[in-house]
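What follows is each chain in one-letter form.
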Amino acid sequence: MTNMAQMQEQRLDALRLTRSGAPKLPSNPFFGVGPITDATADEVDSRLRRIAFDAWIEKTYRKYDDKGNDIGGFTTAEISRSMHRGYPADKILTDMMRAIHRYFGFPKSNRMAVGLGGGHSGYTVCVQHLLNANDASQHVYVDTPKPESDPSKAAGFFRQSWATQLIEMQRFAEKGCESRIHFAASEGVIPTAAELSEFGVSIFVGVGHETTGANAYTSREVRELLSWIDGDPENRHAVFDATSMLGAMPWEPELVAAVMAKCCLFMPFQKAIGGVSGYFVASFTPHALALIEKNQQNPAWAIPRQLKIAPPIDPRQPLSAKRSVDAGPFYDAAEDRMLGGVINTYSALAFAETTFGLLQSEARVGSVVELNRRSAANRKVIDEWIQSHPLLSLTVTNPERRGAAVTLLKVNDDGITDPEIHARIIARSKQLLGYEGITHPNGEHEPGLDAARYVNAFPGTPGDYRAWVGGIREPEDIIALLENLQYAYLRAKVVVLEEEMAKSGVIFEAPVKEEGAVRKDDPTRAYAVLIADLVGLRFNAAGQPDHSEIKTYVEEKGGIFHLGPLGDRSALEKGRIHFFYQPNLSTVAEILPLTDKGQYDALIAAATFIPKASVFPFGGVRIGAGTGNMGSASWGGGNGEGGSAPLMNTPGINSRATAQMAMKAILRGVPDLPVDALHRMVAEGDFDTGRQLKDFPTAKLEGRKIAILGYGNIGREVAKLAKAFGMTVAIYAREHHRRWIEAEGFDYAASPVAAASGAHVLSVHIGLGRLDSATGIYSNAGTVDVKVLGAMHDGAVLVNYDRGEVVDAIALDQALSSGKIAHAAIDADLFKDATTGSLSGPMLPYLPLEKRHKGRLELLPHAAADTDHPSRVTGAKQAVDQIFDVIQFKSVTNLKGDLPEGYVSAGARAPVGIGRVTKRAFAEVGGKRELLEELRTTSENVAAILGALSAVSDADHRGRITERYNGLLVESVDRQRALLDQLGLYGPAEE
């Protein structure tokens with residue numbers, strides 16, 4: 001690529017390949033860990049894992065007094081404060097060694113050492129213990145090319161660096177001879193058993209599988225190595241850097257087991273888990289331990305004291321005492337104990353983190369056999385993806401030799417021939433893969449994907465990206481990683497090419513970004529909206545319902561408010577939304593001539609019934625929750641199923657008003673104190689408290705059971721009020737609501753009868769349900785029947801401020817007659833024909849009951865939800881917002897039923913504290929920084945105090961905590977709850 005035209009062609013091609021946007025993200029962006037990881041997906045997940053770790057520490061490591069009494073658990077803070085010796089540090093170390101030994105399947109005959117040192121230094125220490133320059137017969141084979149040889153140039157810095165240490169050990173030892181070291185002709189190749197024997201090798205050192213981890217040994221090679229060991233097991237030893245082998249051995253299980261038993265395996269375990277590096281574990285066969293013991297009697301070089309795994313038996317004689325592996329930092333699985341400790345002091349917390357991480361990984365992934373299987377499967381996933389994506393290729397060309405833990409990829413881009421430009425693109429792509437992002441020369445910024453952190457290839461290796469993809473990963477995460485690597489490279493290529501062209505003065509114009517959502521309405525037409533109900537329930541000076549608040553609101557949003565019907569549409573101002581206020585429309589005869597031809601684009605209604613033949617091409621909003629009256633076929637009727645326009649509602653607007661009216665109805669029947677009679681007697685001076693009060697006993701609501709049918713906005717508000725009165729609350733709802741009902745401290749009932757069993761009060765809030773178009777019957781009609789009423793406590797109260805049809809009026813008549821129901825309150829629609837005077841509506845079946853049960857049946861004309869002016873105004877304002885969004889942006893809030901083609905859902909919206917906690921409400925919390933910080937502080941206070949209280953068993957200690965922190969706890973809990981309510985985070989979650 002030498003000229004501007006070629007660069008522009010390459011840029012346009014990369015833009016074309018990425019025009020569909022970034023691919024799906026992996027669940028975990030960190031790809032630089034070993035076979036065990038905490039697998040935390042994000043900042044929240046990592047905090048939850050830390051909390052889980054703290055709880056596990058407190059549960060696992062307990063404090064005991066000298067009588068053996070459990071007096072509480074250790075905290076992570078205590079363990080991290082230099083607890084290096086004694087209990088619980090010794091137990092923590094033993095637990096870790098036991099867990100590693102067990103999970104990875106090391107045989108009990110092999111001891112496992114723990115020592116200081118990370119990857120290179122730790123592995124060198126392990127190998128040092130096996131080598132002895134004083135033994136002229138000892139020959140070593142290393143499966144990586146000799147440093148500074150031509151084959152080693154592709155090995156990278158780390159392998160050459162490690163191999164150099166072996167040479168220097170021999171070169172500077174008094175009796176050393178570097179010719180005793182045999183290096184491989186190429187990376188990661190194990191010679192045949194015959195070849196190893198021919199070389200006179202007694203120690204095989206496997207580092208070719210590491211450090212890139214992209215290589216693997218073939219089954220044939222491993223069998224040859226094991227055959228060579230079996231030829232003279234006392235004098236032939238193999239030691240592997242197994243950082244990328246454990247849990248990623250793509251061989252049959254019996255071959256894996258043989259390697260674990262017959263070879264020495266090293267791993268910097270804490271580093272490989274992703275925590276603090278600084279120590280390693282290594283398993284040694286009995287024959288290898290015997291060799292170490294022998295080497296210590298005639299050492300060829302000094303190993304630093306803190307790195308020794310064969311320390312002096314007598315610590316008072318550090319130089320002259322006999323050295324023995326029996327006193328070393330080994331875990332003996334046969335005896336299940338540590339033979340010694342780590343030869344240096346540092347926090348035991350790192351060991352505990354390892355054990356916890358291993359147990360968590362085992363619970364998530366399964367056994368090490370399953371981990372190996374998953375690793376091999378992921379290797380196959382990568383092979384198959386690479387075959388169909390030529391931009392990326394694997395550096396290891398032989399599929400059988402490709403590692404199952406780590407993949408090493410390189411980019412094959414014929415359009416980029418300059419190595420310097422290629423390197424810049426790779427570097428920029430890693431910025432985009434991480435969180436930094438990339439910025440174009442014109443200032444346009446592409447935020448970081450946070451898709452793949454730490455995908456750096458080791459220096460000198462022939463690859464561009466290195467990532468850990470073993471069995472800890474799900475296959476879909478592997479594919480997501482590869483697709484993000486490809487996408488990031490192409491986007492970075494665009495930026496680097498633009499930088500090159502900018503040197504010649506070529507700057508590409510940054511795309512104009514729309515502020516906010518993109519408008520989709522037509523500026524050349526006027527839109528008309530019918531408001532067919534009252535938008536205010538307060539009267540103005542003229543004695544008419546006041547609509548001024550909504551008029552002002554519409555005008556502030558840029559709309560135009562008209563009193564009366566739509567006239568000449570052509571006279572309306574273009575590019576504006578016009579609202580026509582006609583609250584007195586009532587009958588089909590009045591509504592249909594105005595709406596049958598789509599004269600109005602959209603509708604706002606409350607209780608007015610809208611006929612099927614009315615046409616509203618842009619949809620409608622019902623002020624309130626139920627939409628049974630919204631019969632227009634434009635949205636498929638009251639269920640909102642089918643149709644070309646969206647049906648919406650404003651749930652929760654009148655929930656509190658309805659719930660409070662329901663409680664008022666309950667309080668009129670329970671407690672049954674004759675307030676009117678007592679008032680009259682007191683006012684007339686005809687009452688003696690000391691003598692007559694006993695004649696007027698009453699009972700409180702506290703302790704009584706209320707059954708609530710339905711867990712919608714109103715049902716939940718009634719439940720909250722009843723709980724405030726001290727009532728026991730049982731709620732019937734669908735099973736998937738159970739977790740939220742119980743989370744709020746209410747009892748869940750699986751059926752209406754179960755909820756009503758023994759209840760003193762029944763309040764109904766389930767709605768009509770779905771309309772069966774064939775029968776014309778709603779699914780919830782008659783839910784409160786003989787069985788439900790019969791299950792209640794004698795003399796109970798029934799409140800139906802829902803829909804009249806949900807209660808079987810005949811069953812209620814019988815319950816009132818028998819005394820099963822002492823008082824009932826019904827709120828249902830009642831319509832009267834202005835011409836004939838005939839009555840209709842769901843209240844009709846209740847009217848005869850009122851005559852038979854005088855004073856015990858209270859009837860309201862569906863007024864409970866419409867007695868609150870602020871609620872109606874709030875609902876109308878929200879409906880206006882929804883109409884603007886639908887017309888201007890094709891965005892639907894509070895969708896009821898189906899989402900028509902061409903529209904997008906904006907989720908749900910309700911007043912703060914009403915209904916479900918939506919994702920929108922959750923997201924908005926992030927912008928309220930001061931409240932969020934205060935909530936975090938109070939929550940952390942609560943968690944710290946309760947965590948300490950649960951960790952302590954000693955009564956006196958608990959008393960000290962209670963005395964010291966009672967005020968802070970209660971204050972924090974109270975403030976926490978208030979903030980949750982204020983931020984709209986309390987209640988069931990949006991599903």
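Located above this text is the structure these notes cover.
In this report, the structure presented in the accompanying data block is examined. Quantities reported herein were computed from a predicted structural model and do not represent experimental measurements.

Here we come to the overall build of the protein chain. On a plain count of helices and strands, the protein chain comes out with 30 helices and 33 strands. Whereas a compact globule of 991 residues would reach a radius of gyration of roughly 30 Å, the protein chain reaches 39 Å, over 25% beyond that. Along the longest, intermediate and shortest principal axes, the C-alpha atoms of the protein chain span 120 × 85 × 50 Å. Per-residue burial over the protein chain gives 50% buried out of 991 residues. Partitioning the intrachain contacts of the protein chain with sequence separation of at least 6 by distance along the chain shows that 68% fall at a separation of at least 24. With the model as given, the accessible surface of the protein chain reaches about 44700 Å², and the carbon-plus-sulfur share is 53%.

Tracing the sequence through the fold places Q138 in the loop between helix 5 (119-130) and strand 4 (139-142). Polar side-chain contacts of Q138 include one of 3.1 Å to the backbone oxygen of L130. Among residues more than four places away in sequence, those in contact with Q138 are L130, L131, N132, R180, S202, I203 and L291.

Let us look at the nonpolar core. Counting 109 residues, the largest nonpolar core has F104, V114, L225, L246 and F284 as the members making the most contacts within it. Take this core: its biggest share by element is eight residues, from helix 4 (residues 89-103). In this structure, I426, L432, I438 and V496 belong to the second largest nonpolar core, which totals 41 residues.

There is a patch of nonpolar side chains on the surface, built from V44, L48 and I51 and spanning about 300 Å² of accessible area. Take V44: it is sitting in helix 2 (residues 43-60).

Where charged atoms of side chains with opposite charge meet at close range, the side chains can pair. This structure, assessed with the given rule, holds 52 salt bridges. Put simply, K597 and D596 hold a salt bridge, and the shortest N to O gap is 3.4 Å. On the basis of relative accessibility, which here comes to 66%, the residue K597 falls in the exposed class. Overall, the relative accessible area of 31% leaves D596 in the partly exposed class. Between D794 and K820 there is a salt bridge whose closest N-O contact spans 2.7 Å. Residue D794 is located in the loop between helix 24 (786-790) and strand 27 (796-800), and its partner K820 is located in the loop between helix 25 (809-818) and strand 28 (821-827); the two are separated by 26 residues in the primary sequence. Under the relative-accessibility criterion, D794 is labelled exposed at 56%. Judged by relative accessible area, which is 16%, K820 ranks as buried. Taken together, the salt bridges that share partners define one network made up of E420, R424, R428, E499, E500 and K503.

Along the polypeptide, R11 turns up in helix 1 (residues 4-17). Residue class for R11 comes out buried when judged on its relative accessible area of 9%. For R11, the side chain forms a polar contact with the side chain of E498, separated by 2.8 Å. Excluding its chain neighbours within four sequence positions, the residues that come into contact with R11 are V494, L497, E498, M501 and F508.

Time to look at the packing of aromatic side chains. Overall, the coordinates contain 21 aromatic pairs when judged by the stated rule. Where W56 meets Y61, the ring centres are 5.9 Å apart and the plane angle is 90 degrees; that geometry is what we call edge-to-face. Consider the rings of F561 and Y581, whose centres lie 5.6 Å apart with planes at 45 degrees: the pair is tilted. Residue F561 is found in strand 18 (residues 560-563), and its partner Y581 is found in strand 19 (residues 577-581); the two are separated by 20 residues along the sequence. The burial state of F561 is the same as that of Y581; both residues are buried. Site record: aromatic cluster; members linked through ring pairs are Y141, F199, F204, Y217 and F240. Positioned over the ring face of Y986 is R977, at 3.6 Å from the centre of the ring.

This next bit is on the pairing of strand 2 (residues 70-73). Two elements, strand 1 (residues 62-64) and strand 2, share three bridges in a ladder whose sense is antiparallel. Across the sheet, residue R62 finds its bridge partner in strand 2, namely G73. Between strand 1 and strand 2, which pair antiparallel one after the other, the connecting turn spans five residues, and G68 there sits at a positive phi close to 85 degrees.

Pairing in this open sheet of seven strands is parallel, and the strands run 25-24-23-26-27-28-31 from one edge to the other. Strand pairing shows two members of the sheet lacking a second neighbour, strand 25 (747-749) and strand 31 (857-860), which therefore form its edges. Neighbour-to-neighbour, the strand axes of the sheet open up by a mean angle of 15 degrees, direction not taken into account. In this structure, strand 24 (residues 728-732) lies alongside strand 25, joined through three bridges in parallel fashion. Within strand 25, the residue paired with Y732 across the bridge is A749. Packed on one face of the sheet, helix 21 (residues 713-724) meets strand 23 (705-709), strand 24 and strand 26 (761-764) and runs near 170 degrees to strand 23. Strands strand 27, strand 28 and strand 31 of the sheet are contacted by helix 25, whose axis makes an angle of about 145 degrees with strand 28.

A cis amide bond links Y87 with the next residue in sequence, P88, at an omega value of 5 degrees. With respect to the secondary-structure elements, P88 resides in the loop between helix 3 (76-80) and helix 4. Backbone geometry at D336 places phi at a positive 50 degrees, although glycine is not the residue there. Locating D336 in the fold gives a position in the loop between strand 10 (330-332) and strand 11 (337-338). Residue D336 is classed as partly exposed on the basis of its relative accessible area of 35%. At H862, a position not held by glycine, the phi torsion is positive, near 60 degrees.

Bringing the packing of helix 14 (residues 419-433) against helix 15 (residues 475-502) into the picture now. At a minimum axis distance of 7 Å, the contact between helix 14 and helix 15 shows a crossing angle of 125 degrees. When the interaxial angle is binned, helix 14 and helix 15 end up oblique. In the packing of helix 14 onto helix 15, the handedness of the crossing is right-handed. Contacts between helix 14 and helix 15 involve I421, H422, R424, I425, I426, R428, S429, L432 and L433 on the former and, on the latter, N484, L485, Y487, A488, Y489, R491, A492, K493, V495, V496, E499 and E500. A class-by-class count of the residues in the contact of helix 14 with helix 15 yields twelve nonpolar, three polar and six charged.

Calculation notes
- Residues numbered from 1 in each chain as written.
- Predicted model: local features only at pLDDT ≥ 70, side-chain atom pairs only at ≥ 80, totals over all residues.
- Heavy atoms only, no water.
- Helix = DSSP H or I, 4+ residues; strand = E, 2+ residues; numbered from the N terminus.
- Rg over C-alpha atoms; globule rule 2.2 N^0.38 Å.
- Buried < 20%, exposed > 50% of the residue type's maximum accessible area, 1.4 Å probe, protein only.
- Contact = heavy atoms within 4.5 Å.
- Areas by Shrake-Rupley, 256 points an atom, 1.4 Å probe, with all protein chains shown as cover.
- Polar contact = N/O pair within 3.5 Å; in protein donor to acceptor, adjacent residues only side chain to side chain.
- Core = buried A, V, L, I, M, F, W, Y, C linked by side-chain atoms within 4.5 Å.
- Patch = residues over 30% accessible without salt bridge, like charges linked within 9 Å, V, L, I, M, F, W, Y side chains within 5 Å.
- Salt bridge = Lys/Arg side-chain N within 4 Å of Asp/Glu carboxyl O.
- Phe/Tyr/Trp six-rings, centres within 6.5 Å; stacked < 30°, edge-to-face > 60°.
- Lys NZ or Arg CZ within 6 Å of the ring centre and 35° of its normal.
- Pairing = 2+ DSSP bridges.
- Axes fitted to C-alpha atoms, helices over the stretch in contact; angles between N-to-C directions.
- Parallel < 35°, antiparallel > 145°, perpendicular 65-115°, else oblique.
- Left-handed = near helix turned anticlockwise from the far one by under 90°.
- Nonpolar A, V, L, I, M, F, W, Y, C, P; charged D, E, K, R; others polar.

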